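Topology and contacts: notes
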Amino acid sequence: TSATGLIKLSGADRVTIDGSLAAGTDRSLTITNSGAGPIIWIATNATSGANNNTIKNCNLTGPGAFAGQGIIAGSGATLGNPAEFPNSNNTIQNNAIKSVQNAAFISGNAITLDQNWLVTENEVGSATVAEKLSFRGFLIGNAGNFTISRNVISGVSSSTSSSATMSGIQVANAIDGGSITGNRIGDIRQNNTAGWGSNGILLGASTTVSNVTISNNFISDIASQGFADVTALDNGYGIMITSGGGYRIVANSVLLNSNQVAAGGITAALNIAAAVTTPASIELRDNILASTQTIGTRYGVIDSSTAGAAIFSTIDHNDYFAQNVGFLTAAQATLADWQTATGQDASSLAVDPLFVTVPAPADLHLQGTSPMLDAGIALAAVTVDFDNDPRP
């Protein structure tokens, strides 16, 4: 129960922790750490990383009360620091993780990046207040060729004194290839009344050619208290890009459907910060970027990047359903305004996408009469939809 962790894989390879009693997907093993440290620590030792390990089919429970960690991967000397050697080819699959700060925090080697992390089919957070996560679902940094797929992240909620940004999934530091696909993210809250940030997905790589695909994600029910600014530190956003580039954002459905408190708050389904500077570093196609909030100023997209419209390599076939379609130098209230400002987006729409249900928890499948059915364009990078059915 100490800060060194309940279970530590110190440079260990080919270890499997499997909670199934039937070689299946039942979660019949519960591992609980009532202390401040991680439940499982995947760590380097003095000579090597920990590789080819699997943690699956477990219930991983921390102490709650805004303390404890789920799975931490990185340095073996200092908890939470980058790995001294790569920890590669590790899998976190079909676990239920709750009552911790981070469900999984993966900090790879800054020079020789971790490779081939697979984080899939996990359920993290909880509808029960005492069991929610109090910082993030997953963070991955200094990594290449990672996959974060088909997870349910629901229930990330800060203390009222926290100034930390709450995130469903966060990408950080050096990145060289990866995918974030088919995840359902919701119930993310920053509760400090001073106004701090929250988001479904936070893209903050230090690399400008990160080659990350963000696709087929359902993101909804993200909110903070609200503040009259548009940085990651302030309001609730569906997808927040704070740095880096090389992001392919395609075929996602984002709905901001829970009001913030402060009338002066500014929200967006997608927010691109001023520190994003590399032209043609974001592809934005086949997305639904929607807001049904009624308080504050609401946008489909905020582009504060220094590159302006040139930040987009391609932007088209999206739906912007919000009070304002976008912000680019100034508010662009209508689709025609936005098309003029970007010089692209000729095939996009600004209509109600007709999701199956809008209140939290939202079902972001489309009704049979949705104008967005078959309104996209075929993409080689995304051949199936959220339910793994072939895209037409």
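Here, every reference points to the structure presented above.
Please read these numbers as outputs of a predicted model, since none were measured by experiment.

In this structure the tally under the stated criterion is 7 salt bridges. The partner of Lys 56 in a salt bridge is Asp 18, and the shortest N-O contact between them spans 3.9 Å. A residue pair is termed long-range when its members are at least 10 positions apart, and Lys 56 in strand E5 (residues 54–56) and Asp 18 in strand E2 (residues 16–18) qualify at 38 residues. Classification of Lys 56 by relative accessible area gives partly exposed; the value is 25%. The partner of Lys 98 in a salt bridge is Glu 131, and the shortest N-O contact between them spans 3.4 Å. With Lys 98 in strand E9 (residues 96–98) and Glu 131 in the loop between strand E13 (123–124) and strand E14 (136–149), this residue pair connects regions lying 33 residues apart in the sequence. For Glu 131, a relative accessible area of 24% corresponds to the partly exposed category. A single salt-bridge network, built from bridges that share partners, covers Arg 248, Glu 283 and Arg 285.

This next bit is on the environment of Leu 29. Tracing the sequence through the fold places Leu 29 in strand E3 (residues 29–32). Sequence separation between Leu 29 and Lys 56 is 27 residues; the distance between their C-alpha atoms is 9.7 Å.

To continue, consider the layout of surface pockets. Empty space among the atoms can be located by rolling a probe the size of a water molecule over them. Here the largest pocket defines a volume of roughly 670 Å³. As for the largest pocket, its lining consists of 27 residues, and the residues nearest its centre are Leu 366, Met 372, Asp 374, Asp 385 and Arg 391. Sort the elements by how many residues they give to the lining of the largest pocket and strand E34 (residues 363–366) lands first, with 3 residues. Residue classes in the lining of the largest pocket are distributed as 14 nonpolar, 8 polar and 5 charged. Ser 149, Arg 150, Ser 179, Thr 181, Thr 213, Ser 215, Asn 216, Ala 381, Val 382, Val 384, Asp 385 and Asn 388 are the residues that line the second largest pocket. Going through the elements one at a time, strand E16 (166–181) and strand E19 (212–215) are the ones with two or more residues in the lining of the second largest pocket.

The tally for this structure, following the rule as stated, stands at 3 aromatic pairs. Looking at Lys 8, its charged tip hangs above the ring of Trp 41, at a distance of 4.0 Å from the centre. The ring of Phe 135 has Arg 136 lying over it, and the distance from NZ or CZ to the ring centre is 3.9 Å.

Here the focus is the pairing of strand E24 (residues 253–256). Of the two faces of E24, the one lined by Ser 253 and Leu 255 and the one lined by Val 254 and Leu 256 are each fully buried. Here strand E20 (residues 218–220) pairs with E24 via 3 bridges, running parallel. Paired with Ile 219 across the bridge in E24 is Val 254. The pairing of E24 with strand E27 (residues 288–291) spans 4 bridges and is classified as parallel. Each bridged residue has a counterpart across the sheet, and for Val 254 the counterpart in E27 is Leu 289.

Rules of the game
Residues numbered from 1 in each chain as written. Predicted model: local features only at pLDDT ≥ 70, side-chain atom pairs only at ≥ 80, totals over all residues. Heavy atoms only, no water. Salt bridge = Lys/Arg side-chain N within 4 Å of Asp/Glu carboxyl O. Helix = DSSP H or I, 4+ residues; strand = E, 2+ residues; numbered from the N terminus. Buried < 20%, exposed > 50% of the residue type's maximum accessible area, 1.4 Å probe, protein only. 1 Å grid on protein atoms, 1.4 Å probe; cavity = no way out; pocket = protein on both sides within 12 Å on 5 of 7 lines; lining within 4 Å. Points joined across faces, edges and corners; volume = space filled by probe spheres on them. Nonpolar A, V, L, I, M, F, W, Y, C, P; charged D, E, K, R; others polar. Phe/Tyr/Trp six-rings, centres within 6.5 Å; stacked < 30°, edge-to-face > 60°. Lys NZ or Arg CZ within 6 Å of the ring centre and 35° of its normal. Pairing = 2+ DSSP bridges.

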